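Residue-level structural notes
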Amino acid sequence: MAMKGNSGDNRTRSSISIFIVAGLCCFFYLLGTWQRSGFGKGDSIAVEINNKADCSILSNLNIETRHGDEAGTVDDAKSESKVFEPCGDRFIDYTPCQHQMRAMTFPRENMNYRERHCPPEGEKLHCLVPAPKGYVTPFPWPISRDYVPYANAPYKSLTVEKAVQNWIQYEGSVFRFPGGGTQFPHGADAYINELASVIPMNNGVVRTALDTGCGVASWGAYLFKKNVLAMSFAPRDSHEAQVQFALERGVPAVIGVLGTIKLPYPSRAFDMAHCSRCLIPWGVNDGMYMMEVDRVLRPGGYWVLSGPPINWRTNYKAWQRPKEELEEEQRKIEEVAKLLCWEKKHEKGEIAIWRKRLNNKNCPERDSSATMCESTNADNVWYKKMEACVTPYPGTSSPDEVAGGELKPFPKRLDDVPPRIARGSVPRVSVESFLEDNKLWKKHIKAYKRVNKIIDSGRYRNIMDMNAGVGSFAAAIESPNLWVMNVMPTIAEKDTLGVIFERGLIGIYHDWCEAFSTYPRTYDLIHANGVFSLYKDKCNAEDILLEMDRILRPEGAVIFRDQEDVLVKVKKLVSGMRWITKMVDHEDGPLVPEKVLFAVKQYWVAGGNNSTSEQ
């Protein structure tokens, strides 16, 4: 009886702690934005947004268990948990694989120094990256599209450098994003509508997009109105916090660059690719960068190029560049597009749009004139050198057939059997196993929502699935209030990232033995299904958990699903990371060896007393 009483006391204390953490989120959100807003123009905006914010949902985060804390009690009794100390305040925006000082030691040729260069084992940090003083919970979507708390990304350089281009404005305690851009002075909506007069964005045919050199990702932010999901990327460069701002706004983005290695996406992934003054030299290196876009562009997909050198005859003076240089630049682009057999569909003003052919039967000269890539696996891209070669189309039997298979408009394609599976091109994944997986994850999501009751409330905008499989977690949780970064571990037995894109979702290849290409505090909810079993004996679980802590927002949540013995070890590690945890049984009952561990990261900031309960 004494043991039952202790278990009940522990459960009560844990529930109360989680209630306090969740309830205090509103307090920090409102108090942080209000008290730290200063006396500028942004005060009234912050107050208005705060008044509209519905934080009452946070008190519903009530994590319970059917078996108390029995799982882990034996292990915990053997030794005390390791306590992880905070990193120094200078590491607030630490991005391990894009660290500025390390980057400068690599060659500048072809942007090599802006690519991923991860620290060796001996230089990895084993501490908790702090949030900046005054950090607050981001505004809920869609308010976050237009407003970001200054305290969360306190960098004003873009407000100066891009002051006349309507990118970003600083107003008291908040940044405001007017929806403008260098190439769309009348706003992203007007620009996107112009593109939509040529590209079918209004009917679900175009669903996934790639924005190269995205800036603060206003193009991707406004595409959500069209139900188009854009993957945006930009380098970590002199324009501070571009990708950080994008993610603070609730827009999918990663730190990345077209350089010397292939993009971390599968072939035939995107319905559309876009460059608006992205400063990528498309014509150099024999058109290598355009060939890489061609690899990731789905047959029938569109490529948009706006800004220099398009319509150079009219704009060369405004661009302050020699017209001969611009003329040669456009000539090279047109030459490569012809080699790739892209059809130009539109050129007006400073916007040009090409469309990739449906198959090679419409353009046999592509195979005969271009240097074809020798690799038989166009999806094998992780740290693979980019080459000036053309990726072959999948075979077709008629001129009207879409190479690789035709997709249904979104959202029908979300649950439809993806062509790669229907055609048997993904080893060990059948139509039956896909449908069963889809059904299973709908069941799992229902179970998750019974424990974490705010999953689909709008509280979580940026969600990551660390081991995405065929994307069924993201498909089951699909909502206009959120998006999921589906990560395909490079060591996974089955590479199904192409399947995920065919479902109208987005994702990326990654090795969890390394840091992810994002700023700290950029995800609200992380899902880790079988990650620690997958990486057992591959790398240190402590390093993976510290990386999860780095990219998770204060008061963000994690859901681990794994074998019980694995989760007991994880639970012990995160107890020293300022996370509150609770283990629950599999939804099919306690006899199932797989368990689920829920966690909430406590709120603490640089230079403070670093305890949620003491705030």
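Note that the coordinates shown come from a computational prediction; the quantities given were computed from them, not determined experimentally. (Residues numbered from 1 in each chain as written. Predicted model: local features only at pLDDT ≥ 70, side-chain atom pairs only at ≥ 80, totals over all residues. Heavy atoms only, no water.)

A few words now on the overall build of the protein chain. Along the protein chain, the regular secondary structure elements total 21 helices and 17 strands. Counting across all 615 residues of the protein chain, residues that qualify as buried make up 59%. A separation of at least 24 residues holds for 71% of the contacts in the protein chain among residues at least 6 apart in sequence. Entry remark: accessible area of the protein chain is about 25,000 Å², with carbon and sulfur atoms responsible for 51%. (Helix = DSSP H or I, 4+ residues; strand = E, 2+ residues; numbered from the N terminus. Buried < 20%, exposed > 50% of the residue type's maximum accessible area, 1.4 Å probe, protein only. Contact = heavy atoms within 4.5 Å. Areas by Shrake-Rupley, 256 points an atom, 1.4 Å probe, with all protein chains shown as cover.)

Before going further, it helps to examine the packing of aromatic side chains. For the structure on display, the rule yields 21 aromatic pairs. Between Trp 512 and Phe 516 the ring centres are 5.8 Å apart and the planes differ by 15°, which places this aromatic pair in the stacked class. On the accessibility criterion, Trp 512 (2% relative accessible area) is buried. Residue classification places Phe 516 among the buried positions, given a relative accessible area of 2%. Taking 6.5 Å as the distance between ring centres and 80° as the angle between the ring planes, the aromatic pair formed by Phe 516 and Tyr 523 counts as edge-to-face. You'll find Phe 516 and Tyr 523 in the same group, each marked buried. Each member of the aromatic cluster is reached from another via a ring pair, and the members are Tyr 150, Tyr 170, Phe 175, Phe 177 and Phe 245. Here the basic side chain of Lys 356 rests over the ring of Tyr 393, its NZ or CZ set 5.3 Å away from the ring centre. Taking the ring centre of Trp 604 as reference, the NZ or CZ of Arg 578 above it sits at 4.5 Å. (Phe/Tyr/Trp six-rings, centres within 6.5 Å; stacked < 30°, edge-to-face > 60°. Lys NZ or Arg CZ within 6 Å of the ring centre and 35° of its normal.)

Here we come to the layout of surface pockets. Of the pockets and cavities examined, the largest pocket occupies roughly 850 Å³. In terms of lining, the largest pocket is formed by 47 residues, of which the most central are Ser 267, Asn 377, Ala 378, Asp 379 and Arg 420. At the level of elements, helix H10 (288-296), helix H15 (419-422), strand S12 (483-489) and helix H18 (497-502) are the ones that each hand at least two residues to the lining of the largest pocket. When residues of the lining of the largest pocket are assigned to their parent elements, the largest contribution, 4 residues, is made by H10. When grouped by side-chain class, the residues that make up the lining of the largest pocket number 20 nonpolar, 11 polar and 16 charged. (1 Å grid on protein atoms, 1.4 Å probe; cavity = no way out; pocket = protein on both sides within 12 Å on 5 of 7 lines; lining within 4 Å. Points joined across faces, edges and corners; volume = space filled by probe spheres on them. Nonpolar A, V, L, I, M, F, W, Y, C, P; charged D, E, K, R; others polar.)

Further remarks concern empty space enclosed by the protein. Counting across every chain of the model gives 4 cavities of 30 Å³ or more. Estimates place the volume of the largest cavity at around 270 Å³. Arg 116, Ile 255, Gly 256, Pro 264 and Ser 517 are, among the 22 residues lining the largest cavity, the residues nearest its centre. When residues of the lining of the largest cavity are traced back to their parent elements, those giving at least two are strand S6 (253-255) and strand S13 (506-510). The leading source of residues in the lining of the largest cavity is S13, at 3 residues. Taken together, the residues of the lining of the largest cavity sort by class into 14 nonpolar, 4 polar and 4 charged.

Counting 134 residues, the largest nonpolar core has Trp 219, Tyr 265, Trp 282, Trp 303, Met 485, Met 548 and Phe 560 as its most contacted members. At 6 residues, the largest contribution of residues to this core is made by H10. Those residues in contact with Trp 282, other than ones at most four positions away along the chain, are Thr 212, Leu 258, Cys 275, Gly 287, Tyr 289, Met 290, Val 293, Trp 303, Leu 305 and Ile 333. Grouped together as the second largest cluster of nonpolar side chains are 9 residues, Ala 153, Ile 168, Phe 177 and Ala 241 included. (Core = buried A, V, L, I, M, F, W, Y, C linked by side-chain atoms within 4.5 Å.)

This next bit is on the side chain of Asp 211. Structurally, the position occupied by Asp 211 is in strand S4 (residues 208-212). Despite being buried, Asp 211 has no salt bridge partner; Arg 249 is the closest side chain of opposite charge, sitting 9.3 Å away. In contact with Asp 211, other than residues within four places in its own chain, are Trp 219, Met 231, Ser 232, Phe 233 and His 274. (Lys, Arg positive; Asp, Glu negative; His and termini not counted. Salt bridge = Lys/Arg side-chain N within 4 Å of Asp/Glu carboxyl O.)

To continue, consider unusual backbone geometry. Among all residues except glycine, the phi angle is most often negative; among peptide bonds, the trans geometry is most common. Looking along the chain, the bond that leaves Trp 141 and enters Pro 142 is cis, with omega of 10°. Relative to the helices and strands, Pro 142 resides in the loop between helix H4 (100-103) and helix H5 (143-146). In this chain, Phe 410 is followed by Pro 411 through a cis amide linkage whose omega measures 15°. Turning to its location among the elements, Pro 411 is positioned in the loop between helix H13 (365-369) and helix H14 (412-415). The backbone of Met 111 sits at a positive phi, close to 60°, despite the residue not being glycine. You can see Met 111 is positioned in the loop between H4 and H5. The backbone of Asp 286 shows a phi angle near 60°, a positive value even though the residue is not glycine. One can find Asp 286 in the loop between strand S7 (270-276) and H10.

Here we take up the packing of helix H11 (residues 312-319) against helix H12 (residues 323-340). Viewed as axis vectors pointing N to C, H11 and H12 meet at an angle of 130°, and their least axial separation amounts to 9 Å. If you check the angle between H11 and H12, you find them oblique. For H11 against H12, the interelement crossing comes out right-handed. Taking contact as the criterion, the partners of Trp 312, Tyr 316 and Trp 319 in H11 are, on H12, Lys 323, Leu 326, Glu 327 and Gln 330. Per-class residue counts for the contact of H11 with H12 are 4 nonpolar, 1 polar and 2 charged. (Axes fitted to C-alpha atoms, helices over the stretch in contact; angles between N-to-C directions. Parallel < 35°, antiparallel > 145°, perpendicular 65-115°, else oblique. Left-handed = near helix turned anticlockwise from the far one by under 90°.)

Across the protein chain, the average pLDDT comes to 86, with 84% of residues at 70 or higher. Segment residues 49-77 is flagged for pLDDT under 50; beyond a separation of four residues in sequence, or across chains, it makes 66 contacts in the model. Across residues 610-615, confidence stays below pLDDT 50; counting only partners more than four residues off in sequence or on other chains, it has 15 contacts. (pLDDT = per-residue confidence, 0-100.)

Here a disulfide denotes a covalent bond joining the sulfur atom of one cysteine to the sulfur atom of another. Under the definition given, this model contains 6 disulfides. Disulfide partner of Cys 373: Cys 389, at an S-S distance of 2.0 Å. Disulfide Cys 373-Cys 389: torsion about the S-S bond near 95°, hence right-handed. On the criterion of sequence distance, the pair formed by Cys 373 in the loop between H13 and H14 and Cys 389 in the loop between H13 and H14 is long-range, its members being 16 residues apart. (Disulfide = S-S within 2.5 Å.)

Moving on, we get to the packing of helix H20 (residues 541-551) against helix H21 (residues 564-574). Relative to each other, H20 and H21 sit at 55°, their axes nearing to 11 Å. Our classification of the angle between H20 and H21 gives oblique. The way H20 lies across H21 gives a crossing that is right-handed. Contacts from Ala 541, Glu 542 and Leu 545 in H20 reach Val 570, Leu 573 and Val 574 in H21. Partitioned by chemical class, the residues of the contact of H20 with H21 number 5 nonpolar, no polar and 1 charged.

Right, let's get into the pairing of strand S15 (residues 552-563). Along any regular strand, the residues point their side chains to alternate faces of the sheet. Here S15 lies mainly inside the structure; 11 of its 12 residues are buried. Pairing of strand S14 (residues 523-529) with S15 involves 6 bridges; the strand directions are parallel. Bridged to Ile 526 within S15 is Val 558. Pairing analysis gives 7 bridges linking S15 to strand S17 (residues 594-601), with the strands arranged antiparallel. Each bridged residue has a counterpart across the sheet, and for Gln 563 the counterpart in S17 is Glu 594. (Pairing = 2+ DSSP bridges.)

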